[in-house]
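# Per-entry structural report
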Amino acid sequence: MFGLTKSTVEKVLLYIICTIVIIVVVFPLYWLIITSLKYDIDSYIYPPQFFPVNITFKNYIDILFLAQEGNLVKYFLNSLIITTSTIFLSLLFGSMAAYSLSKHYLSIMFRRMMLAFVLVIRIFPPITTAIPYYIILSKFRLVDTHIGLIISHVSFSLPFTIWLMIGFFQSLPAEIEKAATIDGCNFWQRFIRIVIPLSLPGLAVTAIFGFLYSWNEFMLASILTSENAKTLPVVIAGFISDKYLFWGKMTALGVLMTMPVIIFSSFAQRNIVKGLTFGAVKE
Amino acid sequence: MANLVLKNITKKFGKIVAVNNFSFTVNDAEFVTLVGPSGCGKSTTLNIIAGLEDPTEGEIYIDNIFSNNIPPSKRDIAMVFQSYALYPHMRVRENIGFGLKIRRFDKKEIQKRVAETADFLGIGNLLDRKPAELSGGQRQRVALGRAIVRKPKLFLLDEPLSNLDAKLRTQMRADLKILFSDLKGSVVYVTHDQLEAMTMSDILVVMNDGIIQQIGSSDEVYDHPGNLFVAGFIGSPIMNFVNVKIERGVIYSDGIEMALTKQQLDKIATYGYKKEYILGIRSENVNISKSESKIRFEVEVVEDAGAEYIVHLKNGKNRITLISEKDISPRRGEGLNLQFDVNKTHLFDIDTEVAIY
């Protein structure tokens, strides 16, 4: 019919659907970038400019060098310190917890209970735990400190880390660990010398998710910090004032904030070498 | 090298009994094979010896030392796994030397021993490769290298050849035999392949359902199987079994009438008479007779095995196979006169399946 085979129609449909999905996903990012390159006045034009006519880097220069909102370098460093610390601590404690929960060292009942318990913090909406966090941290004088925000971020990213890493640990061939045991490894040697190196792809994936969570996290950061430990998402939100909306500066900072995410993701992805365990065990 | 004694080992997983009241001894420099079908408890037994699993009951002595409470790393044993279980992130050199490194051997000593072992196994040129860059046979040798480099008291091998192709397996079978006889190592070897067990071992431990069926040399197990399971499991093609009755010293069944020897009859008398028995005879002990015989079967199918024919025969309910030279060519449907080598027959209790003679 019409000279079209069924598979051609299917292919065309597939392309159309994919294009729609890509537009939905990528368009906001595109809009972010072009808005950051427009003069603020052009952002209010109706009908909107889908392709910016007057391109400017003024917004970038403003936020980088002439910022009235304070020292952006400081906030960038805050975000960096809090995110890297969160990733490090989540991976450190998360992988150890996941390993002990993935193997038969503990009773099955205890492990199941722990796994359910670990998820509890994820069940509540973050706002309900943010307030107790604020009260606890203020008692310890940790509000608006790096440590305070790191603790709260770690507690939120740990459950995810544990669940993700359990899957990786359980997929490791049991015989490799048995071989290590017979070769003389104790529990820690086995974990550090065998299990962790073989789980690097898993750790990389987990690190990406941890990075995305902590780097982008807004709500806890906005409640638990005010100035000293303020992170970039809170700064961006600050461009929305009751007098004026600085679309240009906001989106320029948004673009800058997205850069490390893209760089980090592509870097971590290089570590996700498929089949790292290939060759260990004949399947 | 050392000896190993297992005394009344039982292992239960919940209600399932994987190994039941298991006792055997491996003497110094002896090659003992645990053989049996999948799930018979042989790998569990090996894990118990290694200390990777604790027995529910029973005692383990390695080198005359009570070892139940000694952790695997302190038992001074080495194990080779079916999957090789090489460390994929380490080079061959590190894989072989890892056990020594963990045991804090001197760096120079590690280098020396790794080089010696690699030369011994003919993998000296592979030391800087990773496991993924090796063939199955090479990985197998690395796994062996990892075991022998430590000069342990006892080698445990869990189906080490079953992932290799048929040709390489035959080659490695011979190589392993030479290797462990050179090393004078005490070996516990696990396999489900009866041919591997027969060809390699000093002693076979035939297992089924977690229970030892028979312990003996290849000849003992092959020529004098203790029960129907051992008779059927050891040997290829599988031993022929037919249900028979015995009257006045003569065995009767469909197509079979054969007088027993006095010795055999005495054994039956000592054992006690039964209504029915199971007669077992191996294919190579069934011969085609050129003269009339009281054993007559019809040819069902002829398999050409290259050097010989494997002839499948049938009479009534009875089905047997024989191995014939290629100078005669039996045809399908042809009636054959047969001779059983009466001295090579086996008789089993039909109820308990125990060998009567």
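Everything that follows concerns the structure shown earlier in this document.
Residues numbered from 1 in each chain as written. Chains lettered and ligands numbered in written order. Predicted model: local features only at pLDDT ≥ 70, side-chain atom pairs only at ≥ 80, totals over all residues. Heavy atoms only, no water.

## Examining the sheet that holds strand 11 (residues 240–247) of chain B
All names here are of chain B. Filter applied, for reference: Only strands joined by at least two bridges in the DSSP assignment are considered to pair. A run of H or I in DSSP counts as a helix once it spans at least four residues, and a run of E counts as a strand once it spans at least two, with each numbered from the N terminus. Axes here refer to lines fitted to C-alpha atoms; in helices the fit is confined to the stretch in contact. Angles between the N-to-C directions go from 0 to 180 degrees.
Spatial ordering of the open sheet is given by 13-12-11-14-20, a layout of five strands whose pairing is antiparallel. Each edge of the open sheet carries a strand with a single partner, namely strand 13 (256–259) and strand 20 (346–349). Here the strands of the sheet are splayed against their neighbours by 35 degrees on average, with no regard to which way each runs. Of the pairings in the sheet, the one linking strand 12 (residues 250–253) to strand 13 comprises four bridges and is antiparallel in character. Bridging from a neighbouring strand, Tyr252 pairs with Glu257 of strand 13.

## What about empty space enclosed by the protein?
Note the threshold: Both cavities and pockets are sets of points on a 1 Å grid over the protein atoms alone; in a cavity a 1.4 Å probe fits but cannot get out, in a pocket the set is open with protein on both sides within 12 Å along at least five of seven lines, and lining residues sit with an atom within 4 Å of a point. Grid points are joined across faces, edges and corners, and a volume is the space filled by probe spheres set on the points. Classes in brief: Ala, Val, Leu, Ile, Met, Phe, Trp, Tyr, Cys and Pro nonpolar; Asp, Glu, Lys and Arg charged; the others, Gly included, polar.
Scanning the model with the defined rule gives one cavity of 30 Å³ or more in all. Put simply, the largest cavity is a space of about 50 Å³. Lining the largest cavity are Ala179, Ile182 and Asp183 of chain A together with Ala78, Met79, Phe81, Arg146, Ala147 and Arg150 of chain B. If you list the elements that add at least two residues to the lining of the largest cavity, you get helix 8 (174–182) of chain A together with strand 6 (77–80) and helix 4 (136–148) of chain B. Here the residues of the lining of the largest cavity are counted per class, giving six nonpolar, no polar and three charged.

## What to know about the pairing of strand 8 (residues 186–191) of chain B
Residues and elements named next belong to chain B. Condition: Note on exposure labels: buried denotes an accessible area under 20% of the residue type's maximum, exposed denotes more than 50%, and partly exposed covers the range between, all computed with a 1.4 Å probe on protein chains only. Seen with the strands pointing away from the viewer, any crossover whose path from the first strand over the helix to the second strand runs clockwise is right-handed.
Of all six residues that make up strand 8, six are buried, and the element is covered over most of its length. A two-sided burial pattern is seen for strand 8, the buried positions comprising Ser186, Val188 and Val190 on one face and Val187, Tyr189 and Thr191 on the other. Pairing between strand 3 (residues 31–35) and strand 8: five bridges, direction parallel. Its bridge partner being in strand 8, Val32 is matched across the sheet by Val188. In terms of strand pairing, strand 7 (residues 154–158) meets strand 8 through five bridges, oriented parallel. Bridge pairing in strand 8 places Phe155 opposite Val187. Read as a crossover between parallel neighbours, the route from strand 7 over helix 5 (residues 166–183) to strand 8 is right-handed.

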